[in-house]
Amino acid sequence: MSDQVATNTAKTCIVPPFVIDTPNQQEQAGHRYEKVIKELMCSVPQDYQIILCAMENDALNEFKHNANVIELNSDRLLIASQYNFLRAEYKTIQATVGGRNEEE
């Protein structure tokens, strides 16, 4: 059994997101960037979360159709006014996951 199949079928395994930071390094040729994005769309299993950090580019148009796009601005990714609420939610998740690990 391949590692990928084993990971996809493991019920107790939490698969982290696949994070790609700026795949268009040094503004490579457009056709190469399109190949990178198409390969990403074809090769990563549908049930995996992909976090793609990229600047606006036409090569991303197809990718964006099935994505939740978050545009960063001067407020940053985490808005200061939501910090306490999100911290409490994160602690609840940690406690839940921590409780599961102790039971296993």
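Worth saying up front: this structure is predicted, and the values here are computed from it rather than measured.

Before going further, it helps to spend a moment on the overall build of the protein chain. When helices and strands are counted, the protein chain shows four helices and two strands. Looking at the 104 residues of the protein chain, the share that counts as buried comes to 12%. Carbon and sulfur atoms make up 52% of the accessible area of the protein chain, which totals about 9,100 Å².

The next thing to look at is the nonpolar core. Among soluble globular proteins, nonpolar side chains are generally buried collectively. Ile20, Tyr33, Ile37, Leu40, Val44, Leu52, Ala59, Leu60 and Phe63 together form the largest nonpolar core, which totals nine residues. Among the elements that line this core, the one with the most residues is helix α2 (residues 30-43), at three residues. The residues contacting Ala59, other than those within four sequence positions of it, are Tyr33, Glu34 and Ile37.

All right, on to the pattern of salt bridges then. Note that side chains of opposite charge can pair when their charged atoms are close. Enumeration over the complete set of coordinates arrives at one salt bridge. Its salt-bridge partner being Glu56, residue Lys64 comes within 2.7 Å of it at the nearest N-O pair. Judged by relative accessible area, which is 29%, Lys64 ranks as partly exposed. What makes Glu56 exposed here is its relative accessible area of 61%.

By secondary structure assignment, the location of Glu62 is in helix α3 (residues 61-65). A residue is classified by how much of its surface remains accessible, and Glu62, at 47% relative accessible area, is partly exposed. The sequence separation of Glu62 and Glu34 amounts to 28 residues, and the corresponding C-alpha distance is 9.9 Å. Contacts of Glu62, omitting those with residues within four sequence positions, involve Lys38 and Met41.

For the rest of this paragraph, the subject is a nonpolar patch on the surface. A grouping of Leu78, Tyr83, Phe85 and Leu86 is seen on the molecular surface, where their side chains present a nonpolar patch of about 390 Å² in accessible area. Tracing the backbone through its elements, the reader meets Leu86 in helix α4 (residues 83-103).

Conventions we followed
- Residues numbered from 1 in each chain as written.
- Predicted model: local features only at pLDDT ≥ 70, side-chain atom pairs only at ≥ 80, totals over all residues.
- Heavy atoms only, no water.
- Helix = DSSP H or I, 4+ residues; strand = E, 2+ residues; numbered from the N terminus.
- Buried < 20%, exposed > 50% of the residue type's maximum accessible area, 1.4 Å probe, protein only.
- Areas by Shrake-Rupley, 256 points an atom, 1.4 Å probe, with all protein chains shown as cover.
- Core = buried A, V, L, I, M, F, W, Y, C linked by side-chain atoms within 4.5 Å.
- Contact = heavy atoms within 4.5 Å.
- Salt bridge = Lys/Arg side-chain N within 4 Å of Asp/Glu carboxyl O.
- Patch = residues over 30% accessible without salt bridge, like charges linked within 9 Å, V, L, I, M, F, W, Y side chains within 5 Å.

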